Amino acid sequence: MKAFINIIKEQISSFYMVQRLAKFQLKIDNQNNYLGFIWEVLNPAIQMAMYYVVFGVGLRGKSELDGVPYVYWMLAGISMWFFINKAILNGSKAIYQKYSMVAKMNFPLSVLPSYIITGKFYGHLALVGGIMVVFWIKGYAPSIYYIQLIYFLAMSYIFAFSITLLTSTLTVVVRDVQMLIQSVLQGMFFLSPILWDRSQNFPEWVQGLLTLNPFYYLANGYRASLLYNEWFVVTHWQLTLYNWGLILVLLIIGSSAHFKFRNRFSDFI
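Residues numbered from 1 in each chain as written. Predicted model: local features only at pLDDT ≥ 70, side-chain atom pairs only at ≥ 80, totals over all residues. Heavy atoms only, no water.

Under the annotation held in an unreviewed UniProt entry, the protein carries the name Transport permease protein and is attributed to Viridibacillus arenosi FSL R5-213. For the protein, the Subcellular location (unreviewed entry) comment in UniProt is given as "Cell membrane". Its UniProt record, at the heading Sequence similarities (unreviewed entry), says of the protein: "Belongs to the ABC-2 integral membrane protein family." (UniProt positions renumbered as here; feature names shortened; annotations may be inferred.)

Trainee: I'd like a rundown of the overall build of the protein, residues and numbers included.
Mentor: Looking only at helices and strands, the protein has 13 helices and two strands in total. Expressed as a percentage of its 269 residues, the buried residues of the protein come to 48%. When the accessible area of the protein is evaluated, it comes to approximately 13800 Å², of which 66% is carbon and sulfur surface. (Helix = DSSP H or I, 4+ residues; strand = E, 2+ residues; numbered from the N terminus. Buried < 20%, exposed > 50% of the residue type's maximum accessible area, 1.4 Å probe, protein only. Areas by Shrake-Rupley, 256 points an atom, 1.4 Å probe, with all protein chains shown as cover.)

Trainee: Describe the pattern of salt bridges, with residues and values.
Mentor: Within the structure shown, the criterion is met by one salt bridge. Of the charged contacts in the structure, one is a salt bridge between Arg262 and Glu10, with a shortest N-O distance of 3.0 Å. Of this pair, Arg262 sits in the loop between α12 (237-261) and α13 (265-268) while Glu10 sits in helix α1 (residues 2-13), placing them 252 residues apart in sequence. Comparing Arg262 with Glu10 shows no difference in burial state: the two are buried. (Salt bridge = Lys/Arg side-chain N within 4 Å of Asp/Glu carboxyl O.)

Trainee: Break down unusual backbone geometry for me, with residues and values.
Mentor: Positive phi, close to 50 degrees, is recorded for Asn229, a residue that is not glycine. The residue Asn229 is located in the loop between α10 (214-228) and α11 (232-235) in this model.

Trainee: Outline the UniProt feature "transmembrane region" (unreviewed entry) in the protein, supporting the account with residue identities and numerical values.
Mentor: UniProt's feature table lists "transmembrane region" (unreviewed entry) at residues 34-58, 70-89, 110-137, 143-167, 179-196 and 241-259, given in the numbering used throughout. Each end of residues 143-167 is marked by a C-alpha atom, and these two atoms are 37 Å apart; helix forms 88% of the span and strand 0%. Secondary structure content for residues 179-196 is 72% helix and 0% strand, while the C-alpha to C-alpha distance between its ends is 25 Å.

This is the structure:
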């Protein structure tokens, strides 16, 4: 628990530094592109269009999910996925890739995955903002449930950090962890209700297992806030408690692992 408290203190004390580093990283990532930061939104938008053509037009036609056209249902859920997927993949490599830059500095290493995630989060906010405008045009007017969206945006960030705090440490110790992370995320993409939702076709016990997937809670939380006008946090309070409990466990384990190996990172790298 002491390690967990120290990690929280480091994040709070380094808040402004994380913001500056995140903005600087975005400039580096897009310095050779004429459109710059726009690619942070344009790239996932192109992928969304491809998924819609394949799964929306090619496989589903004009079908709806719970009364909502498939394209809107897909957009709301997949926006969350693009952020968390990139945040975990890039954040997991942060310490290994950036350690040499800060090795001789009095620098809190837990900040390395934080600023990578924050940079991706800026792009995520822009993407969600664009999707909201599309929904407004199509008749899904702004509502009080947008307050809930703020909650899910924050939870997505914290969830991504809870995972990368652990995986960024493990990646330094065992390089193969990065490959494992990629494989697990690919599997989770198709097990989560991102592009499809056929959970009702499975036995009841399988449906229960699928709901324990954190991406199930987050994706449907985004949809409840943007499309269904439902207080998902309240109506599914058991899942709310479960997911926050999972995040807390991941943070405690990740914090302990981080401080256990922090002084030995140079040996592994």
